[in-house]
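One-letter residues, chain by chain:
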Amino acid sequence: MMDEPTFLVDRMLGPLTRYLRFLGYDSESAALLPEGDPGEDNRLLKKAEAEGRLLLTRDRDLASRAGEQGIYIADIDLLDQIRLLHEKRLISLDVRLIRCSVCNTLLREAAAGEIEGASYAPNPPNGFTFLWCPACCRLYWNGSHAENIIRRIRALDQRGRAP
Ligand SMILES: [Zn+2]
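Keep in mind it's a predicted model, so treat the numbers as computed, not measured.

1. Looking at the sheet that holds strand S3 (residues 54–57)
Phase 1: Spatially, 4 strands are ordered S2-S1-S3-S4 in an open sheet, and the strand pairing comes out parallel. Looking at strand neighbours, the two that pair on one side only are strand S2 (27–29) and strand S4 (70–72), the edges of this open sheet. For this sheet, the mean inter-axis angle between neighbouring strands, taken without regard to orientation, is 25 degrees.
Phase 2: By the bridge criterion, 3 bridges tie strand S1 (residues 7–9) to S3 in an arrangement that is parallel. Pairing of Val 9 across the sheet is with Leu 56, part of S3.

If you want it as structure tokens, here you go:
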């Protein structure tokens, strides 16, 4: 893979946005824009171009207006969507826990107080690596959630596409 791609994802593809972030990819969501703006398509096209992001969309028209930067996502199933991007050699299927899946911010190592202050942290914390989103104050760790995602994503390699 050459330069790592960055993405702008339309609001129909929220789960895909979160999974791309789990895979470590810089993925902004159109859901950040004000809702109901009739000029949203134009804003997305401008933003994708200005920031060099690939525009992932379920809107075939919008994808074609974005030219080479547009990728039309026809599949409804999340794993098929990821598979498509993998087949296009845009992403690799290695989970990198480096980015907040909620807000796209890069994670940093968590401080002891941040781990202790999170009621949802595994207890005891031994054997986990903890990371922190400084933007939305969320704790992440290499626990069962991430491993479950790794399993689902690796299973893509063995799975045939639904007819
Ligand atoms: Zn965050």
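After presenting the structure, the write-up continues.
2. Focus on the sheet that holds strand S5 (residues 108–109)
Phase 1: Ordered in space as S5-S6-S7, the 3 strands form an open sheet in which the pairing is antiparallel. The sheet is open, and its two edges are formed by S5 and strand S7 (138–141), each paired on a single side.
Phase 2: Summarising the sheet, strand S6 (residues 130–133) and S7 pair through 4 bridges and their orientation is antiparallel. Bridging from a neighbouring strand, Phe 130 pairs with Trp 141 of S7.

3. A look at the environment of Leu 85
Phase 1: Structurally, the position occupied by Leu 85 is in helix H4 (residues 78–87).
Phase 2: On the basis of relative accessible area, Leu 85 is assigned to the buried category, the value being 0%.
Phase 3: With sequence-adjacent residues up to four places away left out, Leu 85 is seen in contact with Leu 16, Leu 20, Leu 56, Ile 71, Ile 73, Leu 90 and Ile 91.

Cut-off values and rules
Residues numbered from 1 in each chain as written. Predicted model: local features only at pLDDT ≥ 70, side-chain atom pairs only at ≥ 80, totals over all residues. Heavy atoms only, no water. Pairing = 2+ DSSP bridges. Helix = DSSP H or I, 4+ residues; strand = E, 2+ residues; numbered from the N terminus. Axes fitted to C-alpha atoms, helices over the stretch in contact; angles between N-to-C directions. Buried < 20%, exposed > 50% of the residue type's maximum accessible area, 1.4 Å probe, protein only. Contact = heavy atoms within 4.5 Å.

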